[in-house]
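Next come the chains, spelled out residue by residue.
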Amino acid sequence: MRNYRVTGPVEVPDGTLAAMTTRMISHRSDGFRDLFGGIAPRLGALFGTAGTVLPLTCSGTGGLEAVAASLLRPGDRVLSVQLGYFGERFAEIAEHHGAVVDVLAAPWGQVVDTALITERLAAGYDAVLLTHNETSTGVVAPLRAWAQAIRAVSDCLILVDVVSSLAAVEIGFDELGLDAAVGVTQKALACPPGLSLVAVSERALARAAEPGEGSYYLSLARAAEHARAGTTTYTPALSVLYALDTALAAIEKEGVEAVWERHARTARRCRDALRARGLVVVPDEAHSSPTVTAVRLPAGGAVRVREALAAEHDTWVSSGRGPWKDEVLRIGHMGPVEPAGVDACAAAIAACLDGSAGGPAAGAPPAAGAALDVRGTDGADGLG
Ligand code: PLP
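For every chain, the first residue of its written sequence is number 1, and the numbers climb from 1 along that sequence. Per-residue local features of the predicted model are confined to residues with pLDDT of at least 70, and side-chain atom pairs are confined, for both listing and counting, to 80 or more; whole-chain, interface and lining totals are unaffected and use all residues.

Caption draft 1: Just the sheet that holds strand S13 (residues 315–319), in detail. The criterion for strand pairing is that DSSP finds at least two bridges linking the strands in question. A run of DSSP states H or I qualifies as a helix once it reaches four residues; a run of E qualifies as a strand once it reaches two. Both are numbered from the N-terminal end. Ordered by their spatial adjacency, five strands build an open sheet running S1-S13-S14-S12-S11, and the pairing between neighbours is mixed. Of all strands in the sheet, those bounded by a partner on one side alone are strand S1 (3–5) and strand S11 (280–281). Relative to strand S14 (residues 328–332), strand S12 (residues 292–296) is paired through five bridges, and the arrangement is antiparallel. Following the sheet pairing, Val292 is matched in S14 by Gly332. Its contacts with the sheet place helix H11 (residues 256–276) against S11, S12 and S14, and it is angled at close to 15 degrees to S12. A residue pair is marked as a contact if its C-beta atoms, positioned from the backbone, fall within 7 Å. Axes here refer to lines fitted to C-alpha atoms; in helices the fit is confined to the stretch in contact. Angles between the N-to-C directions go from 0 to 180 degrees.

Caption draft 2: The arrangement of the domain arrangement of the protein in detail. Domains assigned within the protein are domain 1 (15–253) and domain 2 (255–356). Taking the mean C-alpha position of each, domain 1 and domain 2 sit 27 Å from one another. Contact with domain 1, which involves 23 residues of that partner, is made by 20 residues of domain 2. Elements with a minimum of two residues in the side of domain 1 that touches domain 2: helix H2 (30–47) and strand S7 (139–140). For the purposes of this description, domain bounds are those given by an automatic or database domain assignment.

Caption draft 3: Layout of the confidence of the model for the protein. Across the protein, the average pLDDT comes to 92, with 93% of residues at or above 70. Values of pLDDT, which run from 0 to 100, indicate the predictor's confidence residue by residue. Scored below 50 in pLDDT, residues 357–381 makes 49 contacts in the model with residues more than four places away or belonging to other chains. Model confidence for the complex is summarised by a pTM of 0.94, with the ipTM given as 1.00.

Caption draft 4: The environment of Tyr216, seen in detail. Summarising the element assignment, Tyr216 is placed in the loop between helix H8 (202–208) and helix H9 (220–228). Any residue whose C-beta has 12 or fewer other C-beta atoms within 10 Å is treated as exposed, any with 20 or more as buried, and any in between as partly exposed, C-beta atoms being built from the backbone. Residue Tyr216 is classed as exposed on the basis of its C-beta count, with 9 C-beta atoms lying within 10 Å. Sequence separation of Tyr216 and Pro323 is 107 residues, and the distance between their C-alpha atoms is 37 Å.

Caption draft 5: Fine view of the environment of Ile349. Mapping Ile349 onto the fold places it in helix H13 (residues 339–356). Taking C-alpha positions, Ile349 is 43 Å from Leu35, a pair spaced 314 residues apart along the chain. With sequence-adjacent residues up to four places away left out, Ile349 is seen in contact with Leu279, Val305, Leu309 and Leu329.

Caption draft 6: Local environment of the pairing of S12. Burial analysis of S12 places five of its five residues in the buried class, which makes it a mostly covered element. By the bridge criterion, two bridges tie S11 to S12 in an arrangement that is antiparallel. Across the sheet, Val281 pairs through a bridge with Val295, a residue of S12.

Caption draft 7: Seen up close, the pairing of strand S8 (residues 157–161). With five of five residues buried, S8 is to be regarded as a mostly interior element. On S8, burial covers both faces: Leu157, Leu159 and Asp161 on one face and Ile158 and Val160 on the other are all buried. Where strand S5 (residues 127–131) meets S8, five bridges bridge the pair, whose relative direction is parallel. Bridge pairing in S8 places Thr131 opposite Asp161. Where S8 lies against strand S9 (residues 180–184), three bridges are found, and the strand directions are parallel. Opposite Val160, over in S9, you have Ala181 as the bridge partner.

Caption draft 8: Structural context of the sheet that holds strand S10 (residues 196–200). Reading across the sheet, the seven strands line up as S2-S10-S9-S8-S5-S3-S4 and stay open at both edges, with mixed pairing between neighbours. Sheet topology places strand S2 (52–56) and strand S4 (100–105) at the edges, where each strand pairs with a single neighbour. When strand polarity is set aside, the average angle formed by the axes of neighbouring strands in this sheet is 20 degrees. In this structure, S2 lies alongside S10, joined through five bridges in antiparallel fashion. Bridged to Pro55 within S10 is Leu197.

Caption draft 9: Geometry of H2. For H2, with 18 residues, the first-to-last C-alpha span of 26 Å sits near the 26 Å given by 1.5 Å per residue. Looking at H2, one finds that the buried residues are Leu35, Phe36, Leu43, Leu46 and Phe47. Summarising the axial view, the buried residues of H2 lie within an arc of 90 degrees, below the 170-degree limit, and thus occupy one face. Turned more than 90 degrees away from the buried face of H2, the exposed residues are Asp30, Asp34 and Gly37. Buried residues in H2 make contact with S2, helix H7 (173–176), S9, S10, helix H10 (238–254) and H11. Taken from the residues just after H2, Gly48 is the one with a positive phi, measuring 80 degrees. Multiplying 1.5 Å by the residue count of a helix minus one yields the expected span of that helix. Arc definition: directions from the helix axis to the C-beta atoms.

Structure (structure tokens):
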């Protein structure tokens, strides 16, 4: 059986796939209002909010754009805290919508110090952009510490990419005073792609309703207005909503906290299995992601090993991005992953290395210095 350990879209359980064959209904019907009304509040448990969560028909990037277009206005001062490729993308989107963006970036594989963020915020910003889990580096940010420190010094909007943490890591949206958080269906929720799930605070919704909203299709104000009437602004990805309904039921059956713990446990097991074979996990233990493990291979090895994993072991992982392309592989462990899946993945990587690269990798994590210039490098698959 294939061991599909990419960073998304992830393997979808059969029951969730089967739900997608449910018959179509109008999104203005009572049946839809039942479906939609059942899903939206349950998503709140994953975000940690009693407020609004809006399913938008688009991928995660669309959700990030909805947030930037609806909550930022040209000339707004924005601080972008970046841990890698996706933090950079969020900043580009904000810039595209006219925000004036300052960047605070960590070297790849590391996090930004909380104190540095609060120091920079003293200059006065309208919004700060954060990435909870940086899929490109396998780093999870100390979101709680960051948000609490930010709230202690600033009233700015806190806008967070939770694309690869939602349904795998606690977010605490209300408790931390976040203003928007953007997740997706195709990662830890283990659904097909097609929906971005956007949590929004009351004050963010008020802001979205002010004049100057920058997108017609991705308007959060319109989406919220329609959600209050139990529907979506435009035709939704209905089949993905059916899948999401089923996926949420599975999470509820296991228990949300149990799901978070399981992700942490599986990730630890993955790191242990790699280290037991002499391989180097890139981020330090405290910042290693519960959903993505970045593992360093000997120079020149990652592209070849990834091909051998697929051809010889039916094992699929994601490549490194940009300058990490041939040094790093990224193993995804989001959704209902069997522990045996990560064990087998680590064993297969070691077997590929033993086969032709003179033994497992060792040494320091890859150089991070120039790693932020990664635009235009999406050549291979498995780059999410
Ligand atoms: N943000 C993060 C952290 C991601 O991992 C991804 C995709 O992998 C995105 C944003 C973009 O999401 P999408 O590809 O659904 O547009």
